[in-house]
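Chain by chain, the residues run as shown.
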Amino acid sequence: MTRIIKYTAVIVASALASEAFTVSSMPQKSAITSLRMSDEDSTSNEPSPVTRTVERGVSLDQDGKSNVWAIEPKMEVDSKSSEEQATSALFAVGGLAAFAVIAAGILTNLPDPDQF
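In this text, all values refer to a predicted model and were calculated from it rather than measured experimentally. (Residues numbered from 1 in each chain as written. Predicted model: local features only at pLDDT ≥ 70, side-chain atom pairs only at ≥ 80, totals over all residues. Heavy atoms only, no water.)

## Things to note about the overall build of the chain
For clarity, the threshold we go by: Per the convention used, a helix needs a DSSP run of H or I reaching at least four residues, while a strand needs a run of E reaching at least two, with both numbered from the N terminus. In this scheme, a residue with accessible area under 20% of its type's maximum is buried, one over 50% is exposed, and one in between is partly exposed, where area comes from a 1.4 Å probe on protein chains only. Here, two residues are considered to be in contact whenever any of their heavy atoms come within 4.5 Å of each other. Here the Shrake-Rupley method, with its probe set to 1.4 Å, supplies the accessible areas, and only the displayed protein chains count as covering residues.
Across its full length, the chain carries two helices and two strands. Secondary structure elements of the chain occur, N-terminal to C-terminal, as α-β-β-α. By the burial criterion, 3% of the 116 residues in the chain qualify as buried. Long-range pairs, those at least 24 residues apart, make up 7% of the contacts in the chain with a sequence separation of at least 6. In the structure as shown, the chain presents an accessible area of about 11,500 Å², 61% of it carried by carbon and sulfur atoms.

Shown next, in the form of C-alpha cells:
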C-alpha cells in the first residue's frame, strides 16, 4: 500500500515539475536602454529615462547580441600608519590567544565519554 502512495506522489511531482520547462504564454516587457562606456558624469543636462547610462558591465548591440565586460573596482589607498597597523596586528593576535585559552579550557574539562 505504501508503494502505491510513493509512486503516486512521484508521478504527481513529476507532472507538476514538467510545467517548469514549458514556454510562458505571458508577454514579457523588454526595456531597451543604451549603455555607454564613459567615465564622464553628465550633470548639466539629465538624460531621459530611456537613454540613461547604466554601468553594470552588460550591453546589447544593434543585432541583439550581448556584450559583457569587466568593471574594475575603485582603487583604495591604505592610509594607516605603521603604528596603527602594529596595534591592529597585536589586537588580532591577542584575540586569537584568548580564543585558544578559552577553547583549551573547555576541551580539557569535557566529561569522559567512557563513563556513560
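Having seen the structure, we can now continue with the description.
## Looking at helix α1 (residues 2–18)
Let me state the cut-off plainly: Helix span, expected: 1.5 Å multiplied by one less than the number of residues in the helix.
Its 17 residues place the ends of α1 24 Å apart at the C-alpha level, agreeing with the 24 Å of an ideal helix rising 1.5 Å per residue. With zero of its 17 residues buried, α1 lies for the most part at the surface.

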